[in-house]
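So you can see what is in the structure, the chains are spelled out below.
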Amino acid sequence: MLTTEDKAYFMQEAIKEAYKAKEKLEVPIGAVVVLNGKIIGRGHNRREESNDATTHAEMLAIQEANRNLGNWRLEETQLFVTLEPCPMCSGAMILSRVKELYYGASDPKGGTAGTLMNLLTDERFNHQVQIESGLLEQECGELLSNFFRELRKRKKEEKLQRKAKQNKTDGNQV
């Protein structure tokens, strides 16, 4: 059983993965898979880098954990992720039989671990995942909010630069 300190430590490791994504101008989401108190899989968002919509942090962490165990089953594992999982990632957790999910920030637009809907505890599936939400929620949420604020600012500045360049070009053609 994980202590409060264990949970905080592993979520901090997921946050470190999120910062790796941010450095690549990816949406800063990070994940780790833990078995018997040891990290066996890590991942961070890589969709922009890979041009692959399936390269979410959770998917990459699950894949690494599968490789490290030599098994598709991740029974008795815990997955820590900075943002509530989407339907694809929740499905991967169900199919790989992750035991427990710990996530930071909720995702009202796409979260399927209790916010928009809950796939992980639906008894119609052959496996359910235990969920604990809100772990280091403020830090995880601020990481995402700040990223999107900076992205909007950067896009606005780029638009103004393009407009200024166009005006300069138009002025030279007179």
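Above this note sits the structure.
Computed from a predicted structure; not experimentally measured.

Thresholds, definitions, all that
Residues numbered from 1 in each chain as written. Predicted model: local features only at pLDDT ≥ 70, side-chain atom pairs only at ≥ 80, totals over all residues. Heavy atoms only, no water. Salt bridge = Lys/Arg side-chain N within 4 Å of Asp/Glu carboxyl O. Helix = DSSP H or I, 4+ residues; strand = E, 2+ residues; numbered from the N terminus. 1 Å grid on protein atoms, 1.4 Å probe; cavity = no way out; pocket = protein on both sides within 12 Å on 5 of 7 lines; lining within 4 Å. Points joined across faces, edges and corners; volume = space filled by probe spheres on them. Nonpolar A, V, L, I, M, F, W, Y, C, P; charged D, E, K, R; others polar.

## Comments concerning the pattern of salt bridges
Right, on to step 1. This structure, assessed with the given rule, holds eleven salt bridges.
Right, on to step 2. Between K7 and E132 there is a salt bridge, with its nearest N and O atoms 2.9 Å apart. Taken as a pair, K7 in helix 1 (residues 4-23) and E132 in strand 5 (residues 130-132) lie far apart in primary sequence, 125 residues in all.
Right, on to step 3. Note that E75 is salt-bridged to R97, the shortest N-O span being 3.9 Å. Residue E75 is located in the loop between helix 3 (57-69) and strand 3 (77-83), and its partner R97 is located in the loop between helix 4 (87-96) and strand 4 (100-105); the two are separated by 22 residues in the primary sequence.
Right, on to step 4. Bridged by salt links that share partners, the residues E13, K16, E17, K20 and R42 form one connected network.

## Comments concerning the layout of surface pockets
Right, on to step 1. One number sums up the size of the largest pocket: a volume of about 270 Å³.
Right, on to step 2. Lining of the largest pocket is provided by L83, A105, S106, D107, P108, K109, G141, L144, S145, F148 and R152.
Right, on to step 3. When residues in the lining of the largest pocket are grouped by element, the largest group, five residues, is from helix 5 (residues 137-172).
Right, on to step 4. The residue inventory of the lining of the largest pocket, partitioned by class, reads five nonpolar, three polar and three charged.

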